[in-house]
Each structure stands twice: as C-alpha cells, then as structure tokens.
Amino acid sequence: MMRTRLVLFVIFFMMFADNVEGRIVPKANWNVIPLPQEVRLCNAEPFVLSPSTTIYVGKLGGKDLRRCGRFLSNYIKEMTGIAVGTTRKRQDNQITLAIDSSIEQQEGYQIHAQSHRVELLGKNPGAIFHAVQTFRKALPVSENSKTILLPAVDIVDYPNYAYRGFLLDVGRHFFSIDCLKRMIDELSLHNINYFHLHLTEDQGWRLAIKGYPHLISVGSHRVGSLLSDNTVDTVTVSGFYTQKQVRDLVAYAAARFITIIPEIDMPGHMSAALAAYPQFGCTGGPYKVQNRWGVFPDVLCAGNGKAVKFAQDVIRQVIELFPSPYIHLGGDECPKTRWKHCPKCQAKISELNFKDVAGHSKEDQLQNWFMEQAGRLVRQNGRKVMGWNEILNGNPAKDVVVLAWTGPGSVIDAARRGYHTIVGTISNFYLSDPNNLRRKGRDSFSSIYDYPVEPTALNQEDKKNIVGVQGCIWTEWVPTEKELQRELLPRLTALAEVQWTKPERRNVDSLLQRLPQILSVYKLNGYYYRTDLLDSGGVSK
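About the criteria used
Residues numbered from 1 in each chain as written. Predicted model: local features only at pLDDT ≥ 70, side-chain atom pairs only at ≥ 80, totals over all residues. Heavy atoms only, no water. Helix = DSSP H or I, 4+ residues; strand = E, 2+ residues; numbered from the N terminus. Rg over C-alpha atoms; globule rule 2.2 N^0.38 Å. Buried < 20%, exposed > 50% of the residue type's maximum accessible area, 1.4 Å probe, protein only. Contact = heavy atoms within 4.5 Å. Areas by Shrake-Rupley, 256 points an atom, 1.4 Å probe, with all protein chains shown as cover. Pairing = 2+ DSSP bridges. Right-handed = clockwise from strand over helix to strand, strands pointing away. Axes fitted to C-alpha atoms, helices over the stretch in contact; angles between N-to-C directions. 1 Å grid on protein atoms, 1.4 Å probe; cavity = no way out; pocket = protein on both sides within 12 Å on 5 of 7 lines; lining within 4 Å. Points joined across faces, edges and corners; volume = space filled by probe spheres on them. Nonpolar A, V, L, I, M, F, W, Y, C, P; charged D, E, K, R; others polar. Salt bridge = Lys/Arg side-chain N within 4 Å of Asp/Glu carboxyl O. Expected span 1.5 Å × (residues − 1). Patch = residues over 30% accessible without salt bridge, like charges linked within 9 Å, V, L, I, M, F, W, Y side chains within 5 Å. Lys, Arg positive; Asp, Glu negative; His and termini not counted. Charge placed at Lys NZ, Arg CZ, Asp CG, Glu CD. Core = buried A, V, L, I, M, F, W, Y, C linked by side-chain atoms within 4.5 Å. Phe/Tyr/Trp six-rings, centres within 6.5 Å; stacked < 30°, edge-to-face > 60°.

On to the overall build of the protein chain. For the protein chain, the helix and strand inventory stands at 19 helices and 23 strands. Against the 2.2 N^0.38 benchmark of 24 Å for 541 residues, the protein chain shows a C-alpha radius of gyration of 25 Å, consistent with a compact globule. Structurally, the protein chain occupies a C-alpha span of about 85 × 50 × 45 Å along its principal axes. For the protein chain, buried positions account for 60% of its 541 residues. Taking as baseline every contact in the protein chain between residues at least 6 positions apart, the subset at least 24 positions apart corresponds to 74%. Counting only carbon and sulfur atoms, one obtains 51% of the accessible surface of the protein chain, whose full area is about 21600 Å².

Moving on to the pairing of strand S12 (residues 163-169). Burial within S12 is extensive, with 7 of its 7 residues counted as buried. Here S12 shows no split at all, with Tyr 163, Gly 165, Leu 167 and Asp 169 on one side and Arg 164, Phe 166 and Leu 168 on the other all buried. Pairing analysis gives 6 bridges linking S12 to strand S23 (residues 466-473), with the strands arranged parallel. Among the inter-strand pairings, Tyr 163 is bridged to a residue of S23, identified as Gly 468. Looking at chain direction, S12 and strand S13 (residues 194-198) are connected through 5 bridges and run parallel. Bridged to Leu 167 within S13 is His 196. In this view, the connection linking S12 to its parallel neighbour S13 by way of helix H4 (residues 177-189) has right-handed handedness.

Residue placement: Gln 203 occurs in the loop between strand S14 (200-201) and strand S15 (204-205). Owing to a relative accessible area of 0%, Gln 203 belongs among the buried residues under this scheme. The residues touching Gln 203, leaving out its near neighbours within four places in the chain, are Gly 171, Arg 172, Arg 222, Val 289, Gln 290, Arg 292, Trp 293, Gly 294 and Phe 296.

Another point: the sheet that holds strand S22 (residues 421-423). Around the barrel, which closes on itself, the 8 strands sit in the order S12-S13-S18-S19-S20-S21-S22-S23 with parallel pairing between neighbours. Pairs of neighbouring strands in the sheet enclose a mean axial angle of 30°, with direction left out of account. Helix H11 (residues 362-380) contacts strand S18 (259-266), strand S19 (326-330) and strand S20 (384-388) of the sheet and is inclined by roughly 170° relative to S19. Across the sheet, helix H12 (residues 408-416) is in contact with strand S21 (401-404), S22 and S23; its angle to S22 comes to roughly 165°.

So, about empty space enclosed by the protein. By the definition in use, this model includes 2 cavities of 30 Å³ or more. In this structure, the second largest cavity occupies an estimated 50 Å³ of space. As for the second largest cavity, its lining consists of Leu 329, Asn 368, Met 371, Glu 372, Gly 375, Arg 379, Val 385, Ile 391, Pro 396 and Val 400. Of all the elements, H11 adds the most residues to the lining of the second largest cavity, at 5 residues. Tallied by class, residues from the lining of the second largest cavity come to 6 nonpolar, 2 polar and 2 charged.

Under the defined criterion, the tally for this structure stands at 26 salt bridges. Across the pair Glu 481 and Arg 182 runs a salt bridge, and its minimum N-O distance is 2.7 Å. One end of the pair, Glu 481, is in helix H17 (residues 481-488); the other, Arg 182, is in helix H4, and 299 residues separate them in sequence. Close ionic contact of Glu 461 with Lys 464 constitutes a salt bridge, the shortest N to O distance being 3.4 Å. Assigned by exposure class, Glu 461 and Lys 464 land together as exposed.

For the rest of this paragraph, the subject is helix H2 (residues 62-80). Along an α-helix, residues three or four apart share an orientation, since each turn contains 3.6 residues. Its 19 residues give H2 an end-to-end C-alpha distance of 28 Å, which sits within 8% of 27 Å, the value for a rise of 1.5 Å per residue. Every buried residue of H2 is listed here: Leu 65, Cys 68, Gly 69, Phe 71, Leu 72, Ser 73, Tyr 75, Ile 76, Met 79 and Thr 80. Remark: Gly 81 follows H2 within two positions and exhibits a positive phi of approximately 85°.

So, about a positive patch on the surface. Where like charges cluster on the molecular surface, the positive patch consists of Lys 63, Arg 66, Arg 70 and Arg 88. Residue placement: Arg 88 occurs in the loop between strand S6 (85-87) and strand S7 (94-99).

So, on to the environment of Gln 245. Among the structural elements, Gln 245 can be located in helix H6 (residues 243-255). Residue class for Gln 245 comes out partly exposed when judged on its relative accessible area of 31%. Aside from chain neighbours lying at most four places away, what touches Gln 245 is Ile 177 and Phe 240.

If you look at the biggest cluster of nonpolar residues, it comprises 152 residues, and the most contacted ones within it are Ile 95 and Trp 205. Excluding residues within four positions of it along the chain, Ile 95 makes contact with Phe 47, Leu 49, Thr 53, Thr 54, Ile 55, Tyr 56, Leu 72, Ile 76, Val 118, Leu 120 and Phe 135. Residues Ile 261, Tyr 326, Leu 403 and Trp 474 belong to the second largest nonpolar core, which totals 14 residues.

Once that is clear, we can look at the packing of aromatic side chains. Tallying each qualifying case throughout the model produces 21 aromatic pairs. The interplanar angle of 45° and the centroid separation of 6.1 Å between the aromatic rings of Trp 205 and Phe 310 together place this pair among those described as tilted. One end of the pair, Trp 205, is in strand S15; the other, Phe 310, is in helix H8 (residues 305-321), and 105 residues separate them in sequence. A centroid spacing of 6.3 Å and a plane angle of 55° characterise the contact between Tyr 522 and Tyr 527, whose relative ring orientation is tilted. Its relative accessible area of 10% is what places Tyr 527 among the buried residues.

Taking strand neighbours across the sheet as the criterion, the 7 strands line up as S3-S11-S8-S9-S7-S5-S6 in an open arrangement whose pairing is mixed. Of all the strands in the sheet, the pair left with one neighbour each is strand S3 (38-41) and S6. In this sheet, adjacent strand axes meet at a mean angle of 15° when their direction is disregarded. H2 contacts strand S5 (54-57) and S7 of the sheet and is inclined by roughly 150° relative to S7.

This part takes up unusual backbone geometry. Residue Pro 34 is reached from Ile 33 by a cis peptide bond, and omega for that bond is -5°. Residue Pro 267 is reached from Met 266 by a cis peptide bond, and omega for that bond is -5°. For Asn 191, which is not glycine, the phi torsion reads 65° and is therefore positive. Summarising the element assignment, Asn 191 is placed in the loop between H4 and S13. Overall, Asn 191 belongs to the buried group, its relative accessible area being 2%. Within the chain, Glu 333 stands out as a residue other than glycine whose phi angle is a positive 45°. Inspection of the secondary structure puts Glu 333 in the loop between S19 and helix H9 (337-341).

Below you can see the structure in the form of structure tokens.
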C-alpha cells in the first residue's frame, strides 16, 4: 500500500509540476472532473500565470459576467496564492472572459490557452461560469508559488444533459442556511445546476408560510429520531427557514447559476402539517410529528375543501419565493387507506364520477384531481409541475416532469408515455441508500458511473424524453453536515460526470486517475469526504 501511494504521489507531482530554469514550477492539468467533451493539448509554449497576469471581462454579459471575473480572481488566489487583478484594457499575459454567441450549445464554452493569453468564451454568462470552474479545477494547489504553467490547450465543452440535479432532504434532519450555501458551492464545483430542496416531511416542516404559523411552532419540531437498533433517542430536532432566508439562499444559488427547486410533498408525507393543523386530515387527529421513518397512513384529506385551500395557499407562496421553472409537488407514497373510509373523500369521488379503471383506482384518480388543484396554480404562473413517478398513477397532463426513482421500469414507463423524465433511480443515484453506502473502492464509483441512464428498451424517439439525471441524499441517518459531506463526496464526481460528459468519453478508471486534483480542492475548502472509498480504488488520498 505504501509503495502504491508513493508511485501515485510521483505521478501526481509530475502531472502538476515542470522544471523551469532549475526550479520546480507547478503546472495545471486540463483533464478535470467532469471531463470536458474535447481537450486538445497544443504543441506550444504554456501560459505563465503570475502576479502580472490580468483578467479582462468583455462588455457583453453585464453584471453576471463581471461576477464570473470576480469568482475567477478569487479562485486563483485561493488555489495558488497569486493575486490577479482586473483591467479594462486588452493586453498580453491576460485571461479574457467573453460572450461568443456563435457557440451552439446553450451552456457551451471554450477555453483557448496560448503563451500570451487565455480565452474563456461562452454562449452566455452561465456557460462562462462553467469555464471558470474548469480553469479553477485545472490549477494545482500551490500557495507559495509565484508562477503557474498552463499548458496550451483548446477545450470545447458543453453538457450532455441540460438538467443536472441533486436533492437534499431537510425534512428529516434540518441543515442551516450556511450549510446549504456550502453545499451550493460543492454542487457548482461539479457543474450541477439544479438544487432540489425537499422542504417538508412527516418528520418536520421547514418553510415558514404566512397565515399558517403552527407549521413552524408545531410542525418544525420533534423529539427523538429512530436509530439503527430500532430504538428512538430523545434528541430534539428542530429548525425552519424564514422567507427572508429563502430569498437570500435563492440569490446565492443564482449567482452561481444554480436553480433551487422547492418541493412540498403532498398529499402524503404530511404528518408534520397535520400535527399543526389536524382539521386537514381525514380523521381529525390527533396527529404527531413523526420520529420514526417510513410511510404513514394519515395524509391530507382530498375531499376537504379547506385542506385543498391549504395546499394551494402553500404553493402560491412557494411560487412567489422560488423563481424556479419547476415546482415539485411530491405525489409519492400516498396511502389511500384513509380516503377509502373517509366520507368527504368518497363524496368527492362520487361528485367527480370517478370509477375504478384498469391501472387506476378511483382513489388514484382522486389524488390526480388533488394534484391538479395545486398544479393549476403552478401552470398559471408559467412554471412546470414536477413529481415523483407515482404521480403517473393518476395519468396527469403531459406537461408534468417526472422524476423516476423506483427503478428502470419507471424511467421506461414515463419516457414511453411522453413525459419529460429525470433519472434518479434509488439503486444507483441515491447516495444515502444503505446498499450504495456499503460499496467501497472502485465499486462505489462504478455503481453510479456505469448505470445505463437511457435504457436499451427505449427507442431513440423515447430516449429524447430523458432530459436529465439527479442524485439524492435522504437524511434519516444524516444528522450533521460532516456526515452529509461524507455521503456526498467524493462520489459526487461520478454523478457529475454521468450528468455532464458524453458516454463515449467516460471511463471509470480515468475518473479515478483524475480524482487527486479535485480531492485537493476539497481539502483546501475544508470539505469532509470518505477516504475509505479510495483505499481499494487505486487513488491517493
């Protein structure tokens, strides 16, 4: 093991250092994670990054592009210790950030490094932000060097999928705004552009809603959490986000070209809301904020007009707070036990003349009707409804975006039926799934990396309905930020490359060889990550 690590260290050192006039000069490496679509090293003199280097930001792109320039300056200082200033004049020994509208892909960018200049060109400021991240990740961590060599290169890059998401469950355990901001930074490092916040659960309601104060005073607190030995501890779990905090978080993410997708899971997973407002359930309660995990029979009463209004009031405020094109309404794991025996639900079923049909019970159709009451508000505000694949049980409108999680069958079903489909299957993309957590070494990466996102059972036309890939961390067993980061990193690298890099460019052994540089970025930023995954993977820690 010691010999292997020594060899890897020597290789890593040679990758990132050159001997110039008898002194060692650190060298950048453009083979970053996620791997760009084209990296062509040129047989030319490298660019020398030094304190005399300047950054020029083009006139197009406005404040967003100027912000990218500030990010780049800060990253260079962070990675190398070299302070690079900005200027309004074009000159040699300069890094240029500029909009190039001729680039075809919406998030496409190019990097051209020559001896006298480096150009970061992008279709738009968001694309240039990705170029900035690639530049950042190519740099060696070398705080005491006065110069860094950047090999001459031509990079042409763009994402394989437009939707590249990650979900964090803040319902079962609460995470502070500062923690969420750090996670946004981690996601931006990996070119992820959608941050899905699962804001409500049976175990906690995390979003302040005007007009419903008990959601916070009652629904955001619980005593105890289920432990692995099936006992429940006595630790209080509580926390919520004010609407002011949410606006601040949304702006923080947007500055890094990440969109936050809010999820209010309904009509199931509503124990915390029912504990706060028992009149919205079928039985009237009493209910409690759950301290065990699982699926619970008490859900919102779909036949109760006041419960429907509650759902609409919540979604109306969520739409106001989150400018996301997608509003996630949940729709998963909603038992119909109470509805089958609830006079109000059965009366609504009769009123709407629902009957059992093949594949769709009358209660399934009632759920579809309930979801439409919330979904109508989403559409009226120019947004798209997103839901878990169980939402298809009620045969919803074709403009619903389906997050297929239960397995490849759900991906095939959604895509064949013409729904825009995001692949987030539990078996491979739930980083918190116990089976995935048990994997180590190469297997911990390949289980994510080698997953067939587009099933061979689909024809080419149906495959066009697969618009993205999403990873998830559910937090039943994740009470702290340290544990959250350890579940996320470094396996996020495998997910990011599945989302970004074309399949023909991907190779898990290549990913493992490129890991040391991004691990150095983790260390520099103080991110925790699982080193036990690396021991049998041939990777230096």
